[in-house]
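Architecture at a glance
Each chain, written out:
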Amino acid sequence: MNVRLNEIMDELKKSGKKIDNLTGLLEKAKDRADRALLESKMHQKENIELKKMDATLQRLLNLMNSRTFGPSKSQKGIEKKKPVRGRHDDKDD
């Protein structure tokens, strides 16, 4: 009976070591996942800031382009009208 109890105790010790090892691996994986999550959140914030900056730069570029080409008729949507020809324009007087 003592022999069987000793075998059970040995198996329990081995199981405990395996559980401790797996628990350590699980904690490491959790730490890596937490770091990846934080890094992902930082990248999301950075992307949001870059999108805001891009929108601002686009707005400023459009503003500068409108100032540069402001007086041109093509920017205002004004089209040149063809001169109206009269009935006798092609004939000499």
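Below: a short report on this structure. Just so we're clear, the structure is a prediction, and the values are computed from it rather than from any experiment.

**Structural notes on the overall build of the protein**
The number of helices and strands found in the protein is two helices and zero strands. Put simply, the protein has 93 residues, and 0% of those count as buried. Counting only carbon and sulfur atoms, one obtains 57% of the accessible surface of the protein, whose full area is about 9800 Å².

**Examining the pattern of salt bridges**
All told, the structure shown has two salt bridges when counted by the stated rule. Here Glu7 makes a salt bridge to Arg4, at a shortest N to O gap of 3.3 Å. Of this pair, Glu7 and Arg4 both sit in helix H1 (residues 2–68), separated by three residues, roughly a single helical turn.

**Points about a nonpolar patch on the surface**
A surface patch of nonpolar side chains, about 550 Å² in accessible area, is lined by Met1, Leu5, Ile8, Met9 and Leu12. Here Ile8 shows up in helix H1. A residue is classified by how much of its surface remains accessible, and Ile8, at 33% relative accessible area, is partly exposed.

**Observations regarding a positive patch on the surface**
Taken together, the side chains of Lys13, Lys14, Lys17 and Lys18 present a region of like positive charge at the surface. Looking at the secondary structure, you find Lys14 in helix H1.

The rules behind the values
Residues numbered from 1 in each chain as written. Predicted model: local features only at pLDDT ≥ 70, side-chain atom pairs only at ≥ 80, totals over all residues. Heavy atoms only, no water. Helix = DSSP H or I, 4+ residues; strand = E, 2+ residues; numbered from the N terminus. Buried < 20%, exposed > 50% of the residue type's maximum accessible area, 1.4 Å probe, protein only. Areas by Shrake-Rupley, 256 points an atom, 1.4 Å probe, with all protein chains shown as cover. Salt bridge = Lys/Arg side-chain N within 4 Å of Asp/Glu carboxyl O. Patch = residues over 30% accessible without salt bridge, like charges linked within 9 Å, V, L, I, M, F, W, Y side chains within 5 Å. Lys, Arg positive; Asp, Glu negative; His and termini not counted. Charge placed at Lys NZ, Arg CZ, Asp CG, Glu CD.

Nothing here speaks to function; it is geometry throughout.
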